[in-house]
Amino acid sequence: MDSVMTDFYRKMKRLLFALALTAGMNMAGILIVTHTGGVRAAFLITAATAFFLYANVMPADGRPDKKQAETKRLRQLHKGFLLIFYAGVTFLTGSVWQLWALSVLPFGNVKEILFYVPAILLWLFGEGILLLNGSLRLMAVSVQMGIRYRLLLWLCFWVPVVNLVLFYRIYKLAEQEYETELEKEELDAVRKESECCHTKYPLLMVHGVFFRDVRFLNYWGRIPKELMRNGAVIYYGNQQSAASVEACGQELAERIRQIVLETGCGKVNIIAHSKGGLDARYAVSKCGMADYTASLTTINTPHGGCFFADYLLEKAPEGLRHFLAKRYNGTLRRLGEASPDFLGAVTDLTARACQERNRELRDGEKVYYQSVASYMKKARGGRFPLNASYYLVKHFDGENDGLVSIESAKWGDTCKVLYPPGRRGISHGDMIDLNRENIPGFDVREFYVNLVSDLKRKGL
């Protein structure tokens, strides 16, 4: 009840602040264009101007600064959506003000009415400043806006009606992002000392096919930072982006040996996504890494293969397959890959190859295996190209995440199938925070915190 009242008072203060800003902007405009003199007029104009500048520099809604957010990004996000809110309220109430002024002021002729136009232009100029200030802040720091809304903002900033709808959508998006991130900071602050993700053995996070572990564009999005904030020690697989399971498995084995040798940790907990799970299983079973692996958690990994991949390889002309392979391999070599193998990677994802591998590989007796599967409820639940492949995969493999079916993803002692609320679902990319998107009803960062915390409880 207290939190509800606090939220109510904060929103009322936000609204009153905006109404005061409306009064100041319009009053100053009238005093300026009517050349009203005197000390009182000068004081009012100065006060209104100072208040307008203050609103642009330090917008507030009742949250004490020390409790707003620990990070500079969230403070700017907070100011950004407040400025959009102020612009919206001052535009609506200012429009009423201007209509009232035109109806009651003693205009004798058209010339006197045109004399009032500068006051309207001055008010609109103030609106533009608020919107531009807020928009630039949000474009600089918001994660949830994405490329789409940034482009729309540049294209439609001055388009009437369209910009109003766009600004409202951006305001709600930024406000929700702020509240979500603030709750996340508060939760992390509460559990900071418990280090709930500080497992006995460090984490080795293994990427999937067609990606690499890149320092400034992390394959795992915001997940590693969240885990480390809660005490996790993390390493990355660093295997090639596209090569056969055998080749990538051998690279992972070398990586595990390196980590164990350099740190003396004894073992690692592997968390692998997509094809990375197949690479990790090969390293454990075929490359002698069972003694150095405490657990293997596979995320949306096609253990049973992808029947649609068999179909595409069979139907695609041989010339097209070799053309794509040549272009991909050539590009990756120029980017520093030693021996990329596009066709080897794709072929190893087929149902035929996976089923044959399953008969060959044997799980490590002392390794704890678990798997995770998610699915999309409709094609629009995923970003391109997952929204395009969803129906194809569904036709061949059933319920899926845009690439991997639920049945194919099951492996190990337990398999956790994520049943998302709402109509969206959770895609293959959502499971690694690929788009850094806050999904209603599913916090991917919190999911991994709980997953790693469970490994800690198991003594791994």
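You'll find the structure just up there.
Attention in this report is confined to the structure presented alongside it. (Residues numbered from 1 in each chain as written. Predicted model: local features only at pLDDT ≥ 70, side-chain atom pairs only at ≥ 80, totals over all residues. Heavy atoms only, no water.)

Quick look at the overall build of the protein
And step 1. Looking only at helices and strands, the protein features 18 helices and six strands.
And step 2. Counting all 460 residues of the protein, 51% fall into the buried class.
And step 3. Residue pairs in contact within the protein that sit at least 24 positions apart in sequence constitute 78% of those at least 6 positions apart.
And step 4. A total accessible area of about 23,400 Å² is found for the protein, and carbon and sulfur atoms account for 63% of it. (Helix = DSSP H or I, 4+ residues; strand = E, 2+ residues; numbered from the N terminus. Buried < 20%, exposed > 50% of the residue type's maximum accessible area, 1.4 Å probe, protein only. Contact = heavy atoms within 4.5 Å. Areas by Shrake-Rupley, 256 points an atom, 1.4 Å probe, with all protein chains shown as cover.)

Focus: the nonpolar core
The nonpolar side chains of a soluble globular protein tend to be buried, and buried together.
And step 1. With 35 residues, the main nonpolar core has Tyr86 and Met145 as its most contacted residues.
And step 2. Secondary structure elements with two or more residues in this core: helix H1 (2–33), helix H2 (39–57), helix H4 (72–104), helix H6 (117–141), helix H7 (146–156) and helix H8 (162–190).
And step 3. Looking at this core element by element, the count peaks at ten residues for H4. (Core = buried A, V, L, I, M, F, W, Y, C linked by side-chain atoms within 4.5 Å.)

A few points about the packing of aromatic side chains
Aromatic rings in a pair are described by how distant their centres are and how their planes are angled relative to each other.
And step 1. Tallied over the full model, the rule gives 14 aromatic pairs.
And step 2. Summarising the aromatic geometry, the rings of Phe447 and Tyr448 are spaced 5.3 Å apart at their centres and angled 85° between planes, so their arrangement reads as edge-to-face. Just as Phe447 is buried, Tyr448 falls in that class too.
And step 3. By way of ring pairs, the aromatic residues Phe211, Tyr219, Trp220, Phe442, Phe447 and Tyr448 are connected into one cluster.
And step 4. Directly above the aromatic system of Trp411 lies the positively charged group of Arg281, at a separation of 3.7 Å from the ring centroid. (Phe/Tyr/Trp six-rings, centres within 6.5 Å; stacked < 30°, edge-to-face > 60°. Lys NZ or Arg CZ within 6 Å of the ring centre and 35° of its normal.)

Focus: the sheet that holds strand S4 (residues 293–299)
And step 1. On the basis of which strands lie adjacent, the open sheet formed by six strands has the order S2-S1-S3-S4-S5-S6 and parallel pairing. Strands with a single pairing partner mark the edges of an open sheet, and in this sheet they are strand S2 (234–236) and strand S6 (414–417). Sheet twist, expressed as the average angle between the axes of neighbouring strands with direction ignored, equals 20°.
And step 2. With four bridges joining them, strand S5 (residues 368–373) and S6 adopt parallel strand pairing. Residue Ala373 lies in a different strand from S6, and its bridge partner there is Val417.
And step 3. Sheet contacts for helix H18 (residues 444–457): strand S1 (203–206), strand S3 (268–273), S4, S5 and S6; angle to S5, the most-contacted strand, approximately 165°. (Pairing = 2+ DSSP bridges. Axes fitted to C-alpha atoms, helices over the stretch in contact; angles between N-to-C directions.)

Side note on H7
And step 1. Within H7 the residues assigned to the buried category are Tyr149, Arg150, Leu153 and Cys156. The buried residues of H7 occupy one face: seen down the axis, they fall within an arc of 155°. The outward face of H7, more than 90 degrees from its buried face, is lined by the exposed residues Ile147, Arg148, Trp154 and Leu155.
And step 2. For H7, the secondary structure elements touched by its buried residues are H6 and H8. (Arc of directions from axis to C-beta.)

Comments concerning the state of the cysteines
And step 1. Counting across every chain of the model gives zero disulfides.
And step 2. No disulfide involves Cys196; its nearest neighbouring cysteine sulfur is the one of Cys197, lying 4.0 Å away.
And step 3. Since its relative accessible area comes to 16%, Cys196 is described here as buried. (Disulfide = S-S within 2.5 Å.)

A closer look at the packing of H7 against H8
And step 1. Contact geometry of H7 with H8 gives a least axis separation of 10 Å together with a crossing angle of 150°. Once H7 is placed against H8, the crossing between them reads as left-handed. Contacts between H7 and H8 involve Tyr149, Leu152, Leu153 and Cys156 from the first element and Val162, Asn163, Leu166, Phe167, Arg169, Ile170 and Leu173 from the second.
And step 2. For the contact of H7 with H8, the class distribution of residues is nine nonpolar, one polar and one charged. (Left-handed = near helix turned anticlockwise from the far one by under 90°. Nonpolar A, V, L, I, M, F, W, Y, C, P; charged D, E, K, R; others polar.)

Concerning the side chain of Lys184
And step 1. Positionally, Lys184 belongs in helix H8.
And step 2. A distance of 2.8 Å separates the side chain of Lys184 from the side chain of Asp443, its partner in a polar contact.
And step 3. Ignoring sequence-local partners within four residues, the contact set of Lys184 consists of Glu226, Arg229, Asp443, Arg445 and Glu446. (Polar contact = N/O pair within 3.5 Å; in protein donor to acceptor, adjacent residues only side chain to side chain.)

Function cannot be inferred from these measures alone, as they are strictly geometric.
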